[in-house]
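The primary structure of each chain is shown beneath.
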Amino acid sequence: MASVLTLADLDRWSFEGTALAVLGFPIKHSISPAMHTAALSEMAQSDERFSKWTYVRFEVPPEHLGEALRRLHAKSFYGLNLTVPHKVLACALVEEIDPAARPIGAVNTLRRTARGWQGFNTDGYGLAKAVQETLGLSLTDRPIVLLGAGGAARGAAVECLQRGCQSLWIGNRTRENLDRLLSDLTPLAKNTVLRGFDPTQPDLPCPPNALIINATSAGLKSDDPPPVDLSKLDRPAGVYDMIYNPPVTPLLAAARALGIPTANGLSMLVHQGVRALEIWSEASVPVLAMQTAAQDAMRLR
Ligand code: NDP
């Protein structure tokens with residue numbers, strides 16, 4: 001089998017063990033197979049059943065996601081990860097959605113049920129673990145400045161509110177998208193201060209000592225301007241950029257120049273993957289094995 005599979009490969013797919021896969025479009029650059037394979041190989045040393053687990057990648061265009069989910073179910077796949085552009089689309093295609101994922105409106109992990117798929121979202125968990133591990137900061141009781149109003153920002157915002165952040169300030173380029181997100185979040189916010197702002201305005205209203213989270217795509221290209229001017233924010237406690245390629249975005253470079261602690265999104269990718277494998281395996285997952293595999297895969301790029 002080729003390292004990137006397509007639905008055409010399913011015709012001759014046969015595997016006696018437990019099959020897992022990541023679906024995306026494009027998918028060639030995904031490092032999830034390296035992470036999960038490393039973890040499963042370590043888990044197999046103490047539990048023989050994991051030696052019969054495999055994790056592959058499928059390139060699936062969004063218009064074929066429904067067909068892909070049906071055929072992968074028919075071929076007895078047990079677990080799926082979903083990446084761009086499938087996370088929101090899948091919500092309408094699965095049989096059940098984990099209650100914690102419902103307010104997000106996006107799923108990144110599917111587990112097989114008798115009738116179809118149950119959807120989970122492990123991105124928020126991954127973010128919370130990553131921020132704690134890399135910056136030593138908790139989302140609880142802290143002011144958060146979140147940049148972006150797309151799918152990743154939505155998951156981050158729900159996690160921040162569910163974990164009891166002190167306040168949540170969301171800045172986004174397009175006001176309409178920001179307003180839609182704020183309106184969806186309002187029922188979850190309860191007594192937490194929830195505000196939107198224009199990140200390009202001259203004076204930013206955000207509170208001091210906030211954790212800044214970048215959930216925009218600004219920074220994927222090295223000449224992207226940072227999504228906010230950090231010098232306008234009052235003493236940020238740290239900057240977490242969900243982007244991990246490039247490892248230092250213009251936002252992280254600006255933060256470093258100001259002496260603000262920083263971390264990129266590789267740790268979030270690792271922890272969302274750990275949680276997904278825990279959901280499928282119901283076993284303890286070796287974080288270090290996944291982390292090392294992710295770092296090695298990034299070095300090889
Ligand atoms: P979406 O396309 O859903 O949202 C993109 C967001 O970025 C929107 O808020 C958009 O604003 C904003 N944006 C795009 N370009 C710019 C720009 N040049 N300047 C300012 N804002 C901009 O993407 P996702 O939410 O799925 O992903 C966002 C980022 O998070 C990606 O870089 C992705 O790689 C990363 N990510 C990382 C994960 C990890 O595990 N580390 C997991 C998930 C995502 P507007 O509304 O104005 O268009």
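Above this text you will find the structure in question.
Because the structure is a prediction, the values reported are computed rather than measured. (Residues numbered from 1 in each chain as written. Predicted model: local features only at pLDDT ≥ 70, side-chain atom pairs only at ≥ 80, totals over all residues. Heavy atoms only, no water.)

Caption draft 1: Fine view of the environment of Leu168. With respect to the helices and strands, Leu168 occurs in strand E9 (residues 167–171). Classification of Leu168 by relative accessible area gives buried; the value is 0%. Separated by 23 residues in the primary sequence, Leu168 and Val145 have C-alpha atoms spaced 6.0 Å apart. Excluding residues that lie within four positions of it along the chain, Leu168 makes contacts with Ile144, Leu146, Ala157, Cys160, Leu161, Thr192, Val193, Leu194 and Arg195. (Helix = DSSP H or I, 4+ residues; strand = E, 2+ residues; numbered from the N terminus. Buried < 20%, exposed > 50% of the residue type's maximum accessible area, 1.4 Å probe, protein only. Contact = heavy atoms within 4.5 Å.)

Caption draft 2: Looking closely at the sheet that holds strand E13 (residues 262–264). Taking strand neighbours across the sheet as the criterion, the 6 strands line up as E10-E9-E8-E11-E12-E13 in an open arrangement whose pairing is parallel. Both outer strands of the open sheet, strand E10 (193–197) and E13, are each paired with one neighbouring strand and no more. In this sheet, neighbouring strand axes are inclined to one another by 15° on average, regardless of whether the strands run parallel or antiparallel. Bridge count for strand E8 (residues 143–147) against strand E11 (residues 211–214) is 4 bridges, and the pairing is parallel. By the bridge assignment for E11, Leu147 is matched with Asn214. (Pairing = 2+ DSSP bridges. Axes fitted to C-alpha atoms, helices over the stretch in contact; angles between N-to-C directions.)

Caption draft 3: Layout of helix H2 (residues 65–74). Residues Leu65, Gly66, Ala68, Leu69, Leu72 and His73 constitute the buried set of H2. Projected onto a plane normal to the axis of H2, the buried residues spread over an arc of 165° and lie on a single side. Away from its buried face, by an angle of more than 90 degrees, H2 presents the exposed residues Arg70 and Ala74. Lining the buried residues of H2 we find strand E2 (18–24), strand E3 (53–59), strand E4 (79–82), strand E6 (109–112) and strand E7 (117–120). Positive backbone phi, approximately 70°, marks Ser76, located one or two places after H2. (Arc of directions from axis to C-beta.)

Caption draft 4: Structural context of the site of the ligand. Not every one of the 21 residues close to the ligand is listed here, only the nearest: Ala149, Ala152, Asn172, Thr174 and Asn177. Note that an oxygen atom of the ligand is positioned 3.0 Å from one of the backbone N or O atoms of Gly151. Contacts to the ligand include Thr174, whose side-chain N or O atom sits 2.5 Å from an oxygen atom. The fraction of the free accessible surface of the ligand (930 Å²) that becomes covered by protein chains is 74%. Among the secondary structure elements, those contributing two or more residues to the shell around the ligand are helix H4 (151–162) and helix H7 (266–281). The residue makeup of the shell around the ligand, split by class, is 10 nonpolar, 9 polar and 2 charged. Each of domain 1 (7–121 + 267–299) and domain 2 (124–264) contributes no fewer than three residues to the shell around the ligand. (Near = heavy atom within 4 Å. Polar contact = N/O pair within 3.5 Å; in protein donor to acceptor, adjacent residues only side chain to side chain. Areas by Shrake-Rupley, 256 points an atom, 1.4 Å probe, with all protein chains shown as cover. Nonpolar A, V, L, I, M, F, W, Y, C, P; charged D, E, K, R; others polar. Domains from an automatic or database assignment.)

Caption draft 5: Seen up close, helix H5 (residues 175–189). Taking 1.5 Å of rise per residue, 15 residues should cover 21 Å, and H5 covers 20 Å from first to last C-alpha, within 8% of that figure. The largest bend in H5 amounts to roughly 25° and is located at Ser183, with the proline Pro187 lying one to four residues further along. Here H5 has its buried residues at Leu178, Leu181, Leu182, Leu185 and Ala189. (Expected span 1.5 Å × (residues − 1). Bend = angle between axes of the 7 residues up to and from the residue.)

Caption draft 6: Highlighting the sheet that holds E2. Within the open sheet, the 7 strands sit side by side as E1-E3-E2-E4-E6-E7-E5. Their pairing is mixed. With one partner strand each, in any of the chains shown, strand E1 (4–5) and strand E5 (96–97) form the two edges of the open sheet. Where E6 meets E7, 4 bridges bridge the pair, whose relative direction is antiparallel. In the strand pairing of E7, Thr109 is matched with Phe120. Along the sheet face, helix H1 (residues 32–46) touches E2, E3 and E4 and points at about 175° away from the line of E3. Running over the sheet, H2 touches E2, E3, E4, E6 and E7 and is turned about 175° from E2.

All we've got here are geometric facts, nothing functional implied.
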